[in-house]
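Structural description and commentary
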Protein chains: 2
Amino acid sequence: MSFCRTPAVYSGDVTTTDAGASTALLTDQYELTMLAAALADDSAQRRCTFEVFARRLPHGRRYGVVAGTGRLLDALADFRFGAAELEVAARFLDPRTLDWLREYRFGGDIDGYREGELYFPGSPILSVRGTFAECVVLETLILSILNHDSAVAAAAARMVSAAAGRRTIEMGSRRTHEQAAPASARAAYLAGFDATSNLEAVRRYGIPGAGTSAHAFTLLHSSRDGQQEAAAFRSQIEALGIGTTLLVDTFDITRGVATAIEVAGPELGGVRIDSGDLGVLARQVRDQLDGLGATGTRIVVSGDLDEYAIAALRAEPVDVYGVGTSLVTGSGAPTAGMVYKLVEVDGLPVAKRSSHKESRGGTKRAVRLARSTGTIVEEIVYPAAGERPPANGHDSRDLLVPLVRKGETVGDLPTLADGRALVAAGLVSLPWEGLKLSAGEPAIPTTFLQ
Amino acid sequence: MSFCRTPAVYSGDVTTTDAGASTALLTDQYELTMLAAALADDSAQRRCTFEVFARRLPHGRRYGVVAGTGRLLDALADFRFGAAELEVAARFLDPRTLDWLREYRFGGDIDGYREGELYFPGSPILSVRGTFAECVVLETLILSILNHDSAVAAAAARMVSAAAGRRTIEMGSRRTHEQAAPASARAAYLAGFDATSNLEAVRRYGIPGAGTSAHAFTLLHSSRDGQQEAAAFRSQIEALGIGTTLLVDTFDITRGVATAIEVAGPELGGVRIDSGDLGVLARQVRDQLDGLGATGTRIVVSGDLDEYAIAALRAEPVDVYGVGTSLVTGSGAPTAGMVYKLVEVDGLPVAKRSSHKESRGGTKRAVRLARSTGTIVEEIVYPAAGERPPANGHDSRDLLVPLVRKGETVGDLPTLADGRALVAAGLVSLPWEGLKLSAGEPAIPTTFLQ
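Residues numbered from 1 in each chain as written. Chains lettered and ligands numbered in written order. Predicted model: local features only at pLDDT ≥ 70, side-chain atom pairs only at ≥ 80, totals over all residues.

Description of the overall build of chain A
Helix and strand counts for chain A stand at 15 helices and 19 strands. At 25 Å, chain A has a C-alpha radius of gyration in line with the 22 Å of a compact globule built from 450 residues. Dimensions of chain A, computed from the C-alpha atoms along their principal axes, are close to 80 × 55 × 40 Å. Per-residue burial over chain A gives 58% buried out of 450 residues. (Helix = DSSP H or I, 4+ residues; strand = E, 2+ residues; numbered from the N terminus. Rg over C-alpha atoms; globule rule 2.2 N^0.38 Å. Buried ≥ 20, exposed ≤ 12 C-beta atoms within 10 Å, placed from the backbone.)

Spelled out as structure tokens, the structure:
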């Protein structure tokens, strides 16, 4: 079956950048006005730590998935103020600040959870250290990328988990911003999806491409004599081979399946059903295909699928799930809700104290404890200045790894394939309750040491 | 008050493109495989009409807002297959199809609802006419842009309506994909928002920029002697002027306000409250400011606002709403759910007939009827080949206007300011029920003539 016709390319050589355009204006104006004020009163040079974390998981979710780290490191390298960027900044900033921006290059350190690592409320997913000036201007870029990609990855992981080993194709490009589409495909692939319909994601990230056919192609073969489903199927097979997937629900599904096998023979790669009661139809189509001797022809289903619909189809003879809208919109949680908070200034822990939005001061580190079976039991977040907490007989793993040192990306960063393996390992490590789709508590508790 | 420091530039000269990079791979793979099959069987040259419409409005919404048309026309001009794009296409396409793509340039016609026009279920928002080949490849690009921008614009219009004339600032960049952020700012501005925090939107679309300050700036001025809110405020005022907006809720709001006026005097531009019960706090802060003689100091509120929270603050002394997450995620409806359907082939109406997803065949036009007071009463969608329906004593307005002719954008397209005026006029034209925030039916019925 050839719904996946594009050769997979996962090598570390694949570029993950957007052509190197400056990312410096993907920034909120207040970051630059704060910078101006801090340069003027000499607080700009204070040594700071900013941390990224999510106060909570969305909608009773039991885990989050860190995604976007690779894209972020690329975007960081392109965070430079050239003439076009300075022209905008000059409308509201003083010459000294403009001079500073002209020379800007992040020179600090960043540690972070690995891309693909699971996270929980309060996990210090990213730790950015440097002067106030060099760190404050990165807030929006960091949050935009991590919030978007992590939201999609979290939804995708639930869908992959619900699919229980069956193939999943991301096909949501049309339901999200055109540039969010390849990033969504990347996050979905990270979380375990097998392929994407998005060609820019194929080009940019080397994700396997996939595609079937649209109703328009069948309708194109209409004539005044009536519907010409057979002509459309014949054309598709001649052009794309017998392994292709035919869309059988344009008119009548039973007739569509009969026509498909009539035209293609029993070696047809697959049929796609995009409407109706997918469970009932999948069974009916499987019986029909088997009766026609097409026992190897796969059934692809699509049409408003989410993790719950995927799970509901577990007992049905479905081979491939095509998922669009709910995937790229985070299945009800289109943003991960992460924040970027100043937690330390010149060695002094700092935190906001007003109602409802308290933060924990001080640079942190984190470990995750697991039983010898691999099942995780607890996350411990502790002051970086303090001692590594005891493991109490469990395995203990450091969650923060060096990503950037003195502004330079640390060599041999994980590939997208590494991140994909990490998500898969993370899902296996969850306690049984953690994989439930229903709303609940985070899969493991997090302890915050002072 | 200078939360808006960037000069507004609305002129038609402002570029609205993303640097002219090719948009050709922002496409689903199946469009190109369908193209290959259609070229092989000579159906590629059939004259087709594809229409964009939404089967329904999300979540009991009463109207939709067309947004993204300007961005779409720019993206269409950049839909060309260069070497990088062809390299990907060559992995799964035959030489003839590659040759065709190399020469591709849309040469057909596009009509559409004006950007900023309201729409309802079934409104034929865009009508794309040409050969099957030249139209089919545009599906994903068209839908990505219109679905994203219209989702944000619809949410934004409800917020602007709820704000009832008070200022609104878009500040959601951190909660959406980094390139969706400037597009979101544009859609929000189209729908009536006054300004954006996003600097790329300022540069690209000439939208007024805005910004206040973050808690990090106050915390930066911490010292071992304690909190230094006064030092932070003084620094901000010295750098940005007395018209700036100070963030007063880092520690204790009452003390924050007192310190702000102590440092700035009663001419302070504004204070921002980002947490707590905003209604109670706004009243309390207003009383405090007035008592200190700062009667002109404005109150900016932010923190998880949506249209309902904005409406709930109507009776409170709030001057400016800063809206983030709910705006850029479409307030519960992150995609507009529009589809791109083949409706006519060589003059023959075509439509899918399978369950639940019926479409109406044939190229359509649409008019909207209004009373002489301007209040709209009905939308009528009718066959383009048929007669314009009678107005029955109402005013009747054509909704589809020419956007592209023989591949060329029709001159003097509306500016973003024109679209903004159209949204404002559209909201005024709604029957009273149409502006209710609660879930309900579309504000006017749509009649479909055969």
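Side note on the domain arrangement of chain A
Residue and element names in this part refer to chain A. Per the domain assignment, the segments of chain A are domain 1 (29–150 + 333–448) and domain 2 (163–326). On the side of domain 2, 12 residues touch domain 1, which itself brings 13 residues to the contact. At the level of elements, α6 (139–163) and α15 (416–429) are the ones that each hand at least two residues to the side of domain 1 that touches domain 2. No other element matches α15, which puts five residues into the side of domain 1 that touches domain 2. Within the side of domain 1 that touches domain 2, the residues separate by chemical class into six nonpolar, three polar and four charged. (Domains from an automatic or database assignment. Contact = placed C-beta atoms within 7 Å. Nonpolar A, V, L, I, M, F, W, Y, C, P; charged D, E, K, R; others polar.)

Side note on the environment of A:V301
All names here are of chain A. Tracing the chain through its elements places V301 in strand β10 (residues 298–301). Judged by C-beta crowding, with 27 C-beta atoms within 10 Å, V301 ranks as buried. With 26 residues separating them along the chain, V301 and S275 place their C-alpha atoms 8.4 Å apart. Residues within four places of V301 in sequence aside, it is in contact with I273, L278, A282, L313, V318 and Y321.

A few points about the sheet that holds strand β12 (residues 338–345) of chain B
All names here are of chain B. Overall, antiparallel pairing links the seven strands, which are arranged β13-β12-β1-β5-β3-β17-β18 in an open sheet. Of all strands in the sheet, those bounded by a partner on one side alone are β13 (348–349) and β18 (408–409). Pairing of strand β1 (residues 47–54) with β12 involves seven bridges; the strand directions are antiparallel. Note on β12: the bridge partner recorded for V52 is Y340. Taken strand by strand, helix α6 (residues 139–163) contacts β1, β5 (126–131) and β12, and its axis lies near 140 degrees from that of β12. (Pairing = 2+ DSSP bridges. Axes fitted to C-alpha atoms, helices over the stretch in contact; angles between N-to-C directions.)

Some points on the pairing of strand β15 (residues 376–383) of chain B
Residue and element names in this part refer to chain B. With seven bridges joining them, strand β14 (residues 364–370) and β15 adopt antiparallel strand pairing. Bridging from a neighbouring strand, K364 pairs with P383 of β15. In textbook terms, the turn of a hairpin is the stretch between consecutive antiparallel strands, and for β14 and β15 this stretch comprises five residues, one of which, G374, has a positive phi near 100 degrees. In the sheet, β15 pairs with strand β19 (residues 446–448) via three bridges, with the strands oriented parallel.

A few points about the relation of the copies chain A and chain B
When chain A is fitted to chain B, the best match, at an RMSD of 0.0 Å, comes from turning it 180 degrees and sliding it 0.0 Å along the axis. Look at the turn and shift together and you get a two-fold axis relating the two. (Least-squares fit on C-alpha atoms with pLDDT ≥ 70 in both.)

A closer look at the packing of helix α10 (residues 229–240) of chain A against helix α11 (residues 253–264) of chain A
Two packed helices can be described by the angle between their axes and the distance between those axes. All names here are of chain A. Viewed as axis vectors pointing N to C, α10 and α11 meet at an angle of 45 degrees, and their least axial separation amounts to 9 Å. The pairing of α10 with α11 is recorded here as oblique in orientation. As α10 packs across α11, the resulting crossing turns out to be right-handed. The residues of α11 that touch α10, namely those facing E229, A230, F233, R234 and I237, are G256, T259, A260, V263 and A264. Taken together, the residues that form the contact of α10 with α11 break down as six nonpolar, two polar and two charged. (Parallel < 35°, antiparallel > 145°, perpendicular 65-115°, else oblique. Left-handed = near helix turned anticlockwise from the far one by under 90°.)

Some thoughts on the sheet that holds strand β10 (residues 298–301) of chain B
All names here are of chain B. Pairing within the open sheet is parallel, and its six strands lie in the order β7-β6-β11-β10-β9-β8. Of all the strands in the sheet, just β7 (195–196) and β8 (245–247) have a single pairing partner and so form its edges. For strand β6 (residues 167–170) and β7, the ladder comprises two bridges, and the chain directions are parallel. Across the sheet, residue I169 finds its bridge partner in β7, namely A195.

Some thoughts on the interface of chain A and chain B
The partner chain B presents 90 residues to the 90 residues of chain A that form the contact. A per-class count over the side of chain A that touches chain B returns 40 nonpolar, 33 polar and 17 charged.

A word on helix α4 (residues 95–102) of chain B
Residues and elements named next belong to chain B. If you check which residues of α4 are buried, you get T97, W100 and L101. An end-on view of α4 places all buried positions within 100 degrees of arc, on one side of the element. When the buried face of α4 is taken as reference, the exposed residues oriented beyond 90 degrees from it are P95 and R96. (Arc of directions from axis to C-beta.)

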